[in-house]
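# Structural characterization, general
Here is what each chain is made of, one letter per residue.
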Amino acid sequence: MKPVKVGLFGLGTVGTGVVRIVEGHQEDLQSQVGSPISIAKILVKDRAKARSISIDPAKLTEDPWEIVRDPEIDVIVEVMGGIAETKEYILEALDRGKHVVTANKDLMALHGQEILAKASEKGCDVLYEASVAGGIPIIRTLIEGFSSDRITKIMGIVNGTTNYILTKMSQEGAAYADVLKEAQALGYAEADPTSDVEGLDAARKMTILATLGFRSNVALEDVDVKGISAVTQEDIRYAQSLGYEVKLLGIAERQDDYISVSVQPTMVKKSHPLASVGGVFNAVYVYGEAVGETMFYGPGAGAMPTATSVVADLVAVVKNMKLGVNGRQAALAYKEKKLKTDEQIASKYFLLLHVEDRAGVLAQIAQVFSRHELSIESVMQPAAPDQHGAELIITTHSASKASLANVLAEFGELAAIRTIKSVYRLEG
Ligand code: NAP
Ligand code: HSE
């Protein structure tokens, strides 16, 4: 039986997992697709590098074109990362009729629609399940499982590294920098972990999820992004005392066809299922008008979970090859994109302020809230930060992002407020 030949781009954390699964599960895979799957060539940066698995050195190449131009290769599995050059290889491979499986959220968030359009034109598959939430089959779920519904909200813990860091800070009081090093050593973090901790990795994943969920072409620039580098132990302790956990949440919402997408550290009520998602685990909560609440949970990063999704896509491609239906499933955005204004984006908020401890300060603060129609839910003054100051913790009822911005701008001018220590969105 003629094997399906795969060109693997990358033999790092994920690539090694892909080889392990394709070789280790060969019999099962063959039973499902009807022919052997063979990893024929592997692109690496450095052929001489020591590998954690045994690989025939003749399969390794440092020349991407050797794989892209090889007429024997049927499918490219891209798990090396990168954007501009990687896009060039993928477009050329599609031009040559090769199917593509990728785990590359950076590429799919920025150029997904162009790549999918090319795939459709050439009758090829481009599948990218592993690009969001590692081992959770959320992309197939949004494309197929929710094709009958209208999704109004997607909330996700979609970055394993930051969830690992926040969980360790919250449960063990660990220091941010130490836990980041651990996440890097475990293979969760990106080559440059700034994109994890500053929220860009999550923003890219939310761009992909929002595009699929709302069937509109959401761009990375449409996502309002804030990472976790400013989250303190103090914030986490106050959140816990109010019954919340701090999580880096991606939130995509749609109301009357207007959408908003953001990534930000959020205080999530402990009773909400997202609050108990710990460590490197990811979860995506999806609300559909017809189905109501659903949640998908699993490992969001790491070699074997991510490779599970990659190889599942490979199986889907090979099944499509057998049926002769490649290129028929591209999830192209077909709805006009309408973005919410800051007046339309509503949420509850938590504010931690350091203020002067004297008569009339609370009244001044209350007046600012009142002027901008931001209704206060609760106020607490737990402890004095120094002999002349006080800490104020304020939670609000739901208000627009524009109202919050106006309040914060006025606070900046108010002499009685020494520092706006933290502001968080509240969910749940
Ligand atoms: P990695 O461990 O850094 O491995 C990258 C691999 O690609 C290495 O084998 C490297 O070669 C090769 N490579 C990189 N640039 C190359 C170039 N210009 N030319 C030739 N080979 C090149 O990365 P990873 O963690 O496996 O991630 C791979 C992709 O999967 C990324 O897009 C990432 O965002 C995505 N992803 C990762 C995870 C995860 O948990 N790690 C989860 C989901 C998605 P050498 O081995 O010779 O250096
Ligand atoms: N760095 C990413 C994370 C890898 O931590 O979630 C998975 O995409």
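Report follows, based on the coordinates. Please read all numbers here as calculations on a predicted model, not as lab measurements. Throughout, residues of each chain are indexed from 1 in the direction in which the sequence is written. Labels follow written order: the first chain is A, the first ligand is 1, and so on. In keeping with the predicted nature of the model, local features appear solely for residues at pLDDT of at least 70, side-chain atom pairs appear and are counted solely at 80 or more, and the whole-chain, interface and lining totals rest on all residues. Neither water nor hydrogens contribute to the side-chain values; these are computed over all heavy atoms in the structure.

Take the overall build of the protein chain next. Counting its secondary structure elements, the protein chain contains 14 helices and 17 strands. Computed over its C-alpha atoms, the radius of gyration of the protein chain comes to 24 Å, within 12% of the 22 Å expected for a compact globule of 428 residues. Each of the three principal axes of the protein chain carries a C-alpha extent, and together these read 85 × 45 × 35 Å. Only protein chains enter the area calculation, which uses a 1.4 Å probe; residues under 20% of their type maximum are buried, those over 50% are exposed, and those in between are partly exposed. For the protein chain, buried positions account for 55% of its 428 residues. Strands here mean DSSP runs of E at least two residues long; helices mean DSSP runs of H or I at least four residues long; both are numbered from the N terminus. Each radius of gyration is computed over the set of C-alpha atoms, and the globule rule expresses the reference value as 2.2 Å times the number of residues to the power 0.38.

What follows covers helix 10 (residues 200-214). Multiplying 1.5 Å by the helix residue count minus one yields the expected span of that helix. When the terminal C-alpha atoms of helix 10 are compared, their 20 Å separation across 15 residues agrees well with the 21 Å that a helix rising 1.5 Å per residue should span. Within two residues after helix 10, Arg215 carries a phi angle of roughly 55°, on the positive side.

Side-chain atoms within 4.5 Å link the members of a nonpolar core, which is a set of buried Ala, Val, Leu, Ile, Met, Phe, Trp, Tyr and Cys residues. If you look at the biggest cluster of nonpolar residues, it comprises 74 residues, and the most contacted ones within it are Leu94, Ile138, Leu142 and Leu209. When residues in this core are grouped by element, the largest group, eight residues, is from helix 10. In this view, Ile138 contacts Glu129, Val132, Ala133, Leu209, Val284, Val286 and Phe296; residues no more than four positions away in its chain are not counted. Grouped together as the second largest cluster of nonpolar side chains are 33 residues, Leu11, Ile55, Ala307 and Val318 included. Note on definitions: a residue-residue contact is assigned when non-hydrogen atoms from the two residues lie within 4.5 Å.

Across the sheet, six strands lie side by side as 3-2-1-4-5-6; this open sheet has parallel pairing. The sheet terminates laterally at strand 3 (60-61) and strand 6 (126-127), the two strands that pair on one side only. Looking at chain direction, strand 1 (residues 4-9) and strand 2 (residues 37-43) are connected through six bridges and run parallel. Across the sheet, Phe9 pairs through a bridge with Leu43, a residue of strand 2. What makes two strands pair is DSSP finding at least two bridges between them.

In this analysis, axes come from line fits to C-alpha atoms, helices being fitted only over the stretch in contact, and the angle between any two N-to-C directions falls in the range 0 to 180 degrees. Contact geometry of helix 5 (residues 105-122) with helix 10 gives a least axis separation of 8 Å together with a crossing angle of 40°. As summarised for this structure, helix 5 and helix 10 are arranged oblique, according to the angle between their axes. Note that helix 5 runs across helix 10; the crossing there is left-handed. In this structure, helix 5 contributes Lys105, Asp106, Met108, Ala109, Leu110 and Gln113 to the contact, and helix 10 contributes Asp201, Arg204, Lys205, Thr207, Ile208 and Thr211. The class makeup of the residues in the contact of helix 5 with helix 10 is four nonpolar, three polar and five charged. Under this scheme an angle from 65 to 115 degrees is roughly perpendicular, one under 35 degrees roughly parallel, and one over 145 degrees roughly antiparallel; angles in between are oblique. Working rule for handedness: look at the near helix, and if it is turned counterclockwise from the far one by less than a right angle, call the crossing left-handed; if clockwise, right-handed. Each residue gets one label: Ala, Val, Leu, Ile, Met, Phe, Trp, Tyr, Cys and Pro are nonpolar, Asp, Glu, Lys and Arg are charged, and the others, such as Gly, are polar.

Quick look at the packing of helix 1 (residues 13-24) against helix 12 (residues 303-323) now. In a packed pair of helices, the relevant descriptors are the angle between the two axes and the axis-to-axis distance. In the contact formed by helix 1 and helix 12, the axes pass within 8 Å of each other and the chain directions differ by 60°. Here helix 12 runs oblique to helix 1, going by the angle between their axes. In the crossing of helix 1 with helix 12, the sense of the turn from one axis to the other is right-handed. When helix 1 is examined against helix 12, the residues Thr13, Val14, Gly17, Val18, Arg20, Ile21 and Val22 are found in contact with a partner set consisting of Ala303, Met304, Thr306, Ala307, Thr308, Val310, Val311 and Leu314. Considered class by class, the residues forming the contact of helix 1 with helix 12 number ten nonpolar, four polar and one charged.

Moving on to the site of ligand 2. To be near a molecule or strand, a residue needs just one of its heavy atoms within 4 Å of it. Lining the immediate surroundings of ligand 2 are 13 residues, of which Lys105, Gly160, Thr161, Tyr188 and Glu190 lie closest. In the analysis that follows, any N or O atom pair within 3.5 Å is treated as a polar contact, provided that within protein one partner can donate a hydrogen and the other can accept it, and provided that, for residues neighboring in sequence, both atoms belong to side chains. For ligand 2, an oxygen atom lies 2.7 Å from a polar atom in the backbone of Gly160. Here Thr161 contributes a side-chain N or O atom positioned 2.6 Å from an oxygen atom of ligand 2. Here the accessible surface of atoms and residues is derived via Shrake-Rupley with a 1.4 Å probe, and residues count as covered only by protein chains that are part of the display. Expressed as a share of its isolated accessible area of 250 Å², the protein-covered part of ligand 2 is 93%. A 1.4 Å probe that fits into a set of points on a 1 Å grid over the protein atoms alone but cannot get out defines a cavity; an open set with protein on both sides within 12 Å along at least five of seven lines defines a pocket, and lining residues are those with an atom within 4 Å of a point. The way we define it, a molecule is inside a pocket or cavity when more than half of its atoms are within 2 Å of that pocket's grid points. One can see that ligand 2 is located within the largest pocket. Residue assignment for the shell around ligand 2 shows that the elements contributing at least two residues are helix 7 (160-172) and helix 10. Its residues assigned to classes, the shell around ligand 2 shows four nonpolar, four polar and five charged.

Let us now look at the environment of Gln367. If you trace the backbone, Gln367 turns up in helix 13 (residues 361-371). Gln367 sits in the partly exposed class, given a relative accessible area of 46%. Residues Gln367 and Val132, 235 residues apart in the sequence, show an inter-C-alpha distance of 44 Å.

Bringing the layout of surface pockets into the picture now. Grid points are joined across faces, edges and corners, and a volume is the space filled by probe spheres set on the points. Roughly 1,300 Å³ of volume is contained in the largest pocket. Taken together, 50 residues form the lining of the largest pocket, with Gly12, Thr13, Val79, Met80 and Gly81 sitting closest to its centre. Those elements that place two or more of their residues in the lining of the largest pocket are helix 1, helix 4 (84-95), helix 5, helix 7, helix 9 (194-197) and helix 10. Forming the boundary of the second largest pocket are 31 residues, of which Asp224, Lys226, Gln264, Lys401 and Val423 lie nearest the centre.

Right, let's talk about the packing of aromatic side chains for a bit. Note on aromatic pairs: the rings of Phe, Tyr and Trp (six-membered ring only in Trp) are paired at centre separations within 6.5 Å, and the planes decide the class, stacked below 30 degrees, edge-to-face beyond 60, tilted for the rest. If you walk through the whole model with that rule in mind, you get seven aromatic pairs. A ring pair is formed by Trp65 and Tyr89, whose centres lie 5.2 Å apart and whose planes are at 85°; its orientation type is edge-to-face. Of the two residues, Trp65 is situated in helix 3 (residues 64-68) and Tyr89 in helix 4; the sequence distance between them amounts to 24 residues. On the basis of relative accessibility, which here comes to 9%, the residue Tyr89 falls in the buried class. Their ring planes at 5° and their centres at 5.0 Å tell us that Phe281 and Tyr297 sit as a pair that is stacked. Of this pair, Phe281 sits in strand 11 (residues 281-288) while Tyr297 sits in strand 12 (residues 292-299), and the two are 16 residues apart along the sequence. For Tyr297, a relative accessible area of 48% translates into the label partly exposed. Taken together, the ring pairs in this structure connect Phe9, Trp65 and Tyr89 into an aromatic cluster.

Don't take any of this as a statement about function, it's just geometry.
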